[in-house]
Each structure stands twice: as C-alpha cells, then as structure tokens.
Amino acid sequence: MAYCSCGGLGFGGWLYLRIWITFIGTCSTSVLPAASLRSPDLSTGLGTKQHPQRQQQRFSSLDDKPQFPGASAEFIDKLEFIQPNVISGIPIYRVMDRQGQIINPSEDPNLPQEKVLKFYKSMTLLNTMDRILYESQRQGRISFYMTNYGEEGTHVGSAAALDNTDLVFGQYREAGVLMYRDYPLELFMAQCYGNVSDLGKGRQMPVHYGCKERHFVTISSPLATQIPQAVGAAYAAKRANANRVVICYFGEGAASEGDAHAGFNFAATLECPIIFFCRNNGYAISTPTSEQYRGDGIAARGPGYGIMSIRVDGNDVFAVYNATKEARRRAVAENQPFLIEAMTYRIGHHSTSDDSSAYRSVDEVNYWDKQDHPISRLRHYLQSRGWWDDEQEKDWRKQSRKKVMEAFEQAERKPKPNFSLLFSDVYQEMPAQLRKQQESLARHLQTYGEHYPLDHFEK
Amino acid sequence: MAVAAAIACRLLRLRAAGAGGHWRRLRGAGLPRGFLQPASAGEDAAQWRRVAHFTFQPDPEPLEYVIFGEDVAFGGVFRCTVGLRDKYGKDRVFNTPLCEQGIVGFGIGIAVTGATAIAEIQFADYIFPAFDQIVNEAAKYRYRSGDLFNCGSLTIRAPWGCVGHGAVYHSQSPEAFFAHCPGIKVVVPRSPFQAKGLLLSCIEDKNPCIFFEPKILYRAAVEQVPVEPYNIPLSQAEVIQEGSDVTLVAWGTQVHVIREVASMAQEKLGVSCEVIDLRTIIPWDVDTVCKSVIKTGRLLVSHEAPLTGGFASEISSTVQEECFLNLEAPISRVCGYDTPFPHVFEPFYIPDKWKCYDALRKMINY
C-alpha cells in the first residue's frame, strides 16, 4: 500500500499520506501487469477498477524484487512501523456549512425545489413521528421505541440518491429511508403496535420494519448480521445484471462485529455492487467511539479491505446525497463496493430503555440539537432559496402532527392478529409437530382462555 | 439442478463401468465402520474417474444456482466440487475468504433475492462461527418478517462425523445444536443414493437446510446411483429393515452400524430388529418411529455425538410420551461419551456395534 512507498511518516510523508488518503482507493491491490514488479502506480488505480484477481507474477530469480503472492510491494531496508493516522484523519466531505450555505458551488447538486422539499418533509415528518411514538412508549401504549433524532439527514440524503428498487439492509435507525420511500404512517404504527395491519404479523419488537414492496429488508435485532447478507444480495444482483445496488446501513458500534469484517472482505474479493453506509453517531448505547475503536473511524478500514471509501458530514443532506449518488453510479458500473462513513450525532437516547444523561452531558446534546442539526441546516438552505418560510413551517408542523396523530389513533384501536399466527411462517409449510402444538394451544385456551388477553386479539 | 445433481454425485468416486445404461456403478455398498477399502486395491487406477453426472444431464435449469465456500473452486478438500467451475463458470462456483460467518451470511443474502445458494462449510466442526447467522437469521427470516422475506433457497453443506483419525476438530456431529432451532431443516444421508436424493430435496426445499455429509462415507461408500435427478422427501424416516422385537434408530454412518447389529442380534439372539434411518433430524418423522415402537415395544437410538443433549434424548423423550404403555424396556441410547472427540481413543469412544449389541441384549433381557 501507500505506506511502503512513503516509508513512514516524517512531515513530508505525513503530507503525502494525507493527499493519498483523500482519494482512498484500491489501486495498490489492482493487478500489476504480469511483467511488472515495480511499485504500485498511484495514478492509475484511482477511479478505475483494475482487474480483480491478482495475477501470478512472472517469476524471475534475476530480479531482486519481492515474489510473495500475498502483497505487491517493494522491499525496504529501514525498520519503521506505520503510524496509524488518527490525529488528522480522513477529511469530512461537506457541501453546506452549519448555516445551510453552500460552500463550494460546484458541489451543489442543484436539486429541484420539489425534491429538496421532499427531503425536508421526510425528515420533519420522521421527527414528528418519533416524538409521538417515543411518548406513546412512555405512556405504556407501545412496548419499545427508538428515535432517529439527529440522523435524519443520513437516511434521507442516501435514500434519495438510490433507485427505488435498490435493496436496503438496515440496522434499526434508518426509518427515514422508509419514510423517503413513502412507507405510510399507518404501517410504521402498525409494526410498532403489532396490530392486524402489521406486515410483520406482530412478531417483532417495534421499529423492526420491513417492506417487500419498497425493497427494505426486515430489520433484525442482532447487530451487523445484515452486512454479509447485503453482500450476498449484491452478488446476486450482479449476476442477474440487474443494474441494482444494495445499500447496507450500520452504526459505528456494529462495525466492530465480526460480521462487518466478513462483509467488507467478501464484498471486495467477490466484487459486489454494494454501498456500505456507516452512521457514525458517536455512541453505541453508552459506549463512546473512544472505547469502540482506536483507528481513524470506519472509513479508514475500507482501504484495508481494498474498498473505495469516503467520510462525509452526515448532518449535511447534500453531502450524503452526493456521496451516495456517486458511489451508486460507480458500484453498479464497476462492480465494486463503496464505504461511506457519515459522521453524525445521536441526539436522542439509544432507545426508550436508555437514559443517556447517565453517560453524557445535556450540554453536549444541546450543542448538536441547536447548532448542527440536519433539519435546521436544510431549512436554512430552503429559506435562503426562498423555498420555505416561517408561515409554511408553522403550517407544516401542524399538518404533520395531525397526520401522525390520526395514524396513531387508528393504530391504537386495531386489534392484534389472531393468536394462531404465532405458529405460521416458521417454515413455508407447517410441520406436523407444530400443527399439534397449535391445536394444543387452541384447546388450552378453550378451558383457560380467561387468563389470556384474547380481547385484544382478532378472533 | 444439474449443478446440484453434480454435487450430489461428487460425494463419491466413480469407476467408469464401461458404456451404456443410465446407471453408473459405484464402488461397493455402504460399509460399516472400520471397513475402508484401500484405494484401487487390485483395480486398474486408470479406470477410476471423477463422477461426471452433470455430463449426462440436460442443462436447462435456471442459472441462479451458485456454490461457494473455502476451496470450492479447485474442487474442494473432499473433491465434492471437482469440475464444476469449468463446467458452470467462475461466477457460479467460487472460493470465499476463510470466514464461516461470512459464508453463511453471504449465502443468506443471495437466497433473500430468490437465487439458490449452496454454501459449503469445510468441516461441520467449523460451523460454529456461523451459528448466529444460522440460528438468529436464516431460521427466523421468514417468521420475523411475516413472510415478506425468506432465505429458503439456502442450503448449507458440511462434512460430518467421525473418520477414523479426525480427532477433536474433524469428527464432530453437531446436529443436536441445530435441532433446537425452529425454522431450519437438518438432514443426514447414509449412502450415495440417499445423498443425491436428499441433497436435491434440500436444495429445492423452500426452507434453509443444513446437509451434513458423513465424511467417512466419501471414500467408503459406493453404490448404484441413477444419473437423472430424483428427490427423496425430507422429514420422512425410512424403515430399511422390518422387524418385530426391537426398533433401532440412527442416521448417517451409524445406520450401517445398527444394521450390522441387527444381523448380529438375529444370529446370536434370534431377535428381529426393525432398523430405521431417521434421515431428517428436524423436523423429524415422529410417526414412523412411534409406529415402529408401538409394534416392537423397544427402542434403541444411537449416534456418535455425545450422550447428553444429543438428539437421541429428543427421540427418547417424545417416544416415551407417545408410546409409554407400549414400552417393554427403558429406551436405550448408545452414543459418544460426554467428552470432546478424542484422537487415539477413537476406537473406545465411538458407539460401535459391540456397545449397541450389548445395550440391545440388556433391553431384550429387561
């Protein structure tokens, strides 16, 4: 890799490394022509996908060059360890400043008003739904909830950059992706309440959404398990020539799991059209990033696997949009994975089971809520374009709250699915033994039904 | 499908028996433990050839089948996938990095899109890193999504069971760990003919399946196998020998042991044994086993895996519930000891025919 070439980090080496890092790519793993054992040509690998398989180098004992199949690198006779570069890590791409002003006009995606308004409305509707459902858990109406406060930009910016048919594998804090894809409030609520309208048939805790129609794979609680799965799905999409990308969301905590390592490595070696989207929000429940990793975040791991990587300002919806858009284009065109680390902040608690004041200051949270929030930044942008004003803001707040409350009240009133749905879908067909168990419960309820909440369940 | 059939028949070496016929003759019948034929003893080595079932198959099947795992590309450490890459291409038959959790997770992802994935785990002993993906993900995919999503087109294959010298990490039979997991199917064949039919059924089954292949039988078992594809149903045990006095149940290699025990019992004790190959561990065929025990009144279950928590306990528990008044003797389990699988002590560890015979004798005399 680049490290060998610059031979350690004196200041010059440091600078060299910084420039190199801005365009982190896979060039060092790209195949050298069989005849060449020279150092990796840094200019060729960038932006183009070299042949995936490392070819066998022509073996020549006359050259005093490394012959090892495992690495394409030069020898060095000076003993130096590579210093991990965490002090000044991979830079953070942004388009807007914290006041929503475009910094570099050539990076402005120049999206039409309608689209940007959809960004804004998706984020704010999500925010409103979060407030109401969080409250509803506090009141004992639903058993559990997770909010998305502060991360709405990561969801909407990335979702907007995808095709509607691109397959989404999420972790649990990506409801904005579904919101952007027009998943109805009724269905969000249905899943949280586990009522008869829940497509998931009441089997999982709240926020474990799934939607086949909108190509959003059902969420599961174990962390990072979706990562190698997303890679497999991307491989299948590649084989099918589907021109589809798969996007896989996960947090910086989940990125510590073995499944994350597995997924990255498989995606790179098997050349899969996948976007790995890491929401680095500073905390995994109470564990801050300083206790999660010692390297330069998640983006710095990408090149280690041979993956094109970038770090973006996750609270800047245009930066997220641009990065995802470009990653999508190239992932599909070049059949290679992309890693986007979106830096953001988890303003809310981890979940309704968490009180984050136990491990972080209210001041810290307020800073992000007030000074660097994806919704406010976009609102400033909209207002400066003349596409939004305080009057519309007031109206929209009222309207979105009303919509949410209506869906909420409806969801409350609906019953849960019939208890026999406890037994279906374990297999595609119900095995004989399981049918016996189902019948045994039905008989049991005939005698002891009064001790069970049958009134809340559909008959 | 041809890929699958080819894989199924890759499980054993085949001697080209000359031209003609749609049957390919394979070496010998399923052999009891310890009776491994030395390779090519007294045979012309040049006549030994790789199984080439796929060359006799028409190739109309859909192009979505892929097979992958560690070392699958060159043919696999047990040669199960030899020739497939040349025939089907490198995007369908390929190596993965050395990572079982990745192999299974990746396979699940392929299956979620509807394509068929055949994931190979190099030894069943190494399946444990994938346990989370199998139990928490694959098994629950359909249920937790309300049938919006599933990974039914995933089959995981792994060499399984003792082989004479495998020791701690090349001999394990982990079926009991997975038996406790609703949502997957676990299948163990006893012979080449069974292997092909059961594997094809697993691959076509709309639920994620684990197919454990008794590795000792890769070499030792030889049998006539039809060239065309055929299915053997899952969750159906097979009564391979009828009898009236004792029911013997096993799966995989151990079926051959109990079959020999059945002859010993007939010869030395005049006892008639009903021999059942369970074939599918979950969901298992309760009816066939119970029907047999109702007839015979005695049950002996045998497996290599350790006694405690082994699958014999599930069978025993269910049978005593269903057939209590029919039992003439306590149900007998002849299993491996509650130790890791030893190396030099293997001959003492395994539930061989003498231990099974002795347990049977005690049951008869109860």
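The notes below deal with the structure included here. Since we're looking at a predicted model, the values are computed, not measured. (Residues numbered from 1 in each chain as written. Chains lettered and ligands numbered in written order. Predicted model: local features only at pLDDT ≥ 70, side-chain atom pairs only at ≥ 80, totals over all residues. Heavy atoms only, no water.)

Comments concerning the sheet that holds strand β8 (residues 185–187) of chain B
Residues and elements named next belong to chain B.
- Strand order in the open sheet formed by 7 strands is β5-β4-β6-β7-β9-β8-β14, with mixed pairing between adjacent strands. Whereas interior strands pair on both sides, the edge strands pair on one side only; in this sheet they are β5 (93–95) and β14 (280–282). Between one strand axis and the next, the sheet turns by 20° as a mean value, whatever way the strands run.
- The pairing of strand β4 (residues 66–69) with strand β6 (residues 117–120) spans 4 bridges and is classified as parallel. Bridge pairing in β6 places Ile67 opposite Ile118.
- Helix α3 (residues 100–112) rests against β4, β5, β6 and β7 (154–160) of the sheet, and its axis sits at about 165° to β4. (Pairing = 2+ DSSP bridges. Helix = DSSP H or I, 4+ residues; strand = E, 2+ residues; numbered from the N terminus. Axes fitted to C-alpha atoms, helices over the stretch in contact; angles between N-to-C directions. Contact = heavy atoms within 4.5 Å.)

Description of the interface of chain B and chain A
- Taken residue by residue, the interface counts 47 residues in chain B and 44 residues in chain A.
- When the two sides are added together, the surface that chain B and chain A hide from each other amounts to roughly 3600 Å², 60% of it contributed by carbon and sulfur.
- The tally of links between chain B and chain A comes to 2 salt bridges.
- For the salt bridge of Arg239 of chain A with Asp91 of chain B, the shortest nitrogen-to-oxygen distance reads 3.0 Å. (Buried area = accessible area lost by both parts, 1.4 Å probe. Salt bridge = Lys/Arg side-chain N within 4 Å of Asp/Glu carboxyl O.)

Notes on helix α4 (residues 113–138) of chain A
- In this model, α4 of chain A (26 residues) spans 38 Å end to end at C-alpha, consistent with the 38 Å of a helix rising 1.5 Å per residue.
- Gly140 of chain A, located one to two residues past α4 of chain A, shows a positive phi value of around 80°. (Expected span 1.5 Å × (residues − 1).)

Considering the sheet that holds strand β4 (residues 274–280) of chain A
Residues and elements named next belong to chain A.
- Spatially, the 6 strands line up as an open sheet ordered β1-β7-β8-β4-β3-β2, and their pairing is parallel. Sheet topology places β1 (92–93) and β2 (167–169) at the edges, where each strand pairs with a single neighbour.
- By the bridge criterion, 6 bridges tie strand β7 (residues 308–313) to strand β8 (residues 338–343) in an arrangement that is parallel. Across the sheet, the residue bridging to Met308 is Phe338, located in β8.
- Along the sheet, helix α8 (residues 226–239) contacts β2, β3 (246–251) and β4; its crossing angle with β3, the most-contacted strand, is approximately 170°.

Let's talk about the packing of aromatic side chains
- Enumeration according to the criterion identifies 36 aromatic pairs over all chains in this entry.
- Summarising the aromatic geometry, the rings of Phe78 of chain B and Tyr218 of chain B are spaced 4.8 Å apart at their centres and angled 40° between planes, so their arrangement reads as tilted. Of the two residues, Phe78 of chain B sits in the loop between β4 and α2 (84–88) while Tyr218 of chain B sits in helix α8 (residues 216–220), which places them 140 residues apart along the sequence.
- On the basis of relative accessibility, which here comes to 25%, the residue Phe78 of chain B falls in the partly exposed class.
- On the basis of an interplanar angle of 85° and a centroid distance of 6.4 Å, the ring pair of Phe131 of chain B and Phe177 of chain B is categorised as edge-to-face. In this pair, Phe131 of chain B sits in helix α4 (residues 131–137) while Phe177 of chain B sits in helix α6 (residues 175–179), placing the two residues 46 residues apart along the sequence.
- Looking at Phe131 of chain B, the relative accessible area reads 28%, which means it is partly exposed.
- Aromatic ring contacts, followed pair by pair, group Phe119, Tyr180, Phe318, Tyr321, Tyr381 and Trp387 of chain A into a single cluster.
- A cation over a ring is seen here: Lys118 of chain A above Tyr180 of chain A, with NZ or CZ 4.4 Å from the ring centre.
- The ring of Trp396 of chain A has Lys121 of chain A lying over it, and the distance from NZ or CZ to the ring centre is 5.0 Å. (Phe/Tyr/Trp six-rings, centres within 6.5 Å; stacked < 30°, edge-to-face > 60°. Buried < 20%, exposed > 50% of the residue type's maximum accessible area, 1.4 Å probe, protein only. Lys NZ or Arg CZ within 6 Å of the ring centre and 35° of its normal.)

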